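Residues per chain are reported as follows:
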Amino acid sequence: MTALRVGAQAAPREFGPLTRQMFVRYAGASGDLNPMHYDDEFARAAGFPSVFAQGMFSAALLAGFATDWLGARNVRRFGVRFREQVWPGDVLTCSGTVTAVSEESNADRLMVELTATRQTGGVAITGTAEFVIPRNAPLRDTPSPAGP
């Protein structure tokens, strides 16, 4: 059985303060070129106080947090629910808790709940993920040492 049991929590991780530049870079990388995410004038004309993050930007931060915790090679399923918009200047704190562990022949299957909370206390995004961790394997994907 892994050292992770039901109720085990990942060390929280903060991202931010988030900037417009981060949203613009994500827009270019993802192809999500909706001006709501990079043009303040456009966003205000639509009734928003400023630009705001793409939902998938927040999902990417949460996914990175989860895979840093339990290993990218171990993830089997990841899902999110968007709850609140994320604005320039926000700081997101990601957290995770193991909610179920089941033993398989040579691995442990973990279910985790994930949350990204804004500095206001509002929940920006929640998620669930499933990881299969081989026994006697490191949790994190660690690069192998460079050869001679």
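Residues numbered from 1 in each chain as written. Predicted model: local features only at pLDDT ≥ 70, side-chain atom pairs only at ≥ 80, totals over all residues. Heavy atoms only, no water.

Caption draft 1: Summary view of the pattern of salt bridges. Tallied over the full model, the rule gives nine salt bridges. Among the ionic pairs, Glu84 bridges to Arg118, the shortest N-O distance being 2.8 Å. Here Glu84, found in the loop between strand 2 (75–82) and strand 3 (92–103), pairs with Arg118, found in strand 4 (residues 107–118); they are 34 residues apart in sequence, far enough to count as distant. With a relative accessible area of 35%, Glu84 lands in the partly exposed category. When the shortest N-O distance is used, the salt bridge between Arg135 and Asp108 registers 3.2 Å. (Salt bridge = Lys/Arg side-chain N within 4 Å of Asp/Glu carboxyl O. Helix = DSSP H or I, 4+ residues; strand = E, 2+ residues; numbered from the N terminus. Buried < 20%, exposed > 50% of the residue type's maximum accessible area, 1.4 Å probe, protein only.)

Caption draft 2: View of the nonpolar core. Membership of the largest hydrophobic core comes to 32 residues, with the highest contact counts inside it found for Leu18, Trp69, Leu70, Val112 and Leu114. The set of elements that each furnish at least two residues to this core consists of helix 3 (55–70), strand 3, strand 4 and strand 5 (123–134). The element contributing the most residues to this core is helix 3, with eight residues. Apart from the residues within four sequence positions on either side, Leu18 is in contact with Phe23, Phe57, Leu61, Val86, Trp87, Pro88, Gly89, Asp90 and Leu92. (Core = buried A, V, L, I, M, F, W, Y, C linked by side-chain atoms within 4.5 Å. Contact = heavy atoms within 4.5 Å.)

Caption draft 3: Structural detail: the sheet that holds strand 3. With antiparallel pairing, five strands are arranged side by side in an open sheet as 1-3-4-5-2. The open sheet has two edge strands, strand 1 (13–15) and strand 2, and neither has a second partner. Taken over all neighbouring pairs, the strand axes of this sheet differ in orientation by 20° on average, direction set aside. Note: strand 1 against strand 3, three bridges, orientation antiparallel. Across the sheet, residue Arg13 finds its bridge partner in strand 3, namely Cys94. Helix 3 rests against strand 1, strand 2, strand 3, strand 4 and strand 5 of the sheet, and its axis sits at about 50° to strand 3. (Pairing = 2+ DSSP bridges. Axes fitted to C-alpha atoms, helices over the stretch in contact; angles between N-to-C directions.)

Caption draft 4: Representation of a nonpolar patch on the surface in the model. Taken together, Met56, Phe78, Val80 and Phe82 make up a surface patch of nonpolar side chains, about 340 Å² in accessible area. Top element by residues in the nonpolar patch is strand 2. It accounts for three residues. Tracing the chain through its elements places Phe82 in strand 2. What makes Phe82 partly exposed here is its relative accessible area of 43%. (Patch = residues over 30% accessible without salt bridge, like charges linked within 9 Å, V, L, I, M, F, W, Y side chains within 5 Å. Areas by Shrake-Rupley, 256 points an atom, 1.4 Å probe, with all protein chains shown as cover.)

Caption draft 5: Focus on the side chain of Asp90. Relative to the helices and strands, Asp90 is located in the loop between strand 2 and strand 3. The class for Asp90 is buried, based on a relative accessible area of 3%. Engagement of the side chain of Asp90 in a polar contact is seen with the side chain of Gln119, the distance being 2.9 Å. Contacts of Asp90, omitting those with residues within four sequence positions, involve Phe15, Gly16, Pro17, Leu18, Gln85, Arg118 and Gln119. (Polar contact = N/O pair within 3.5 Å; in protein donor to acceptor, adjacent residues only side chain to side chain.)

Worth remembering: the numbers are spatial, not functional.
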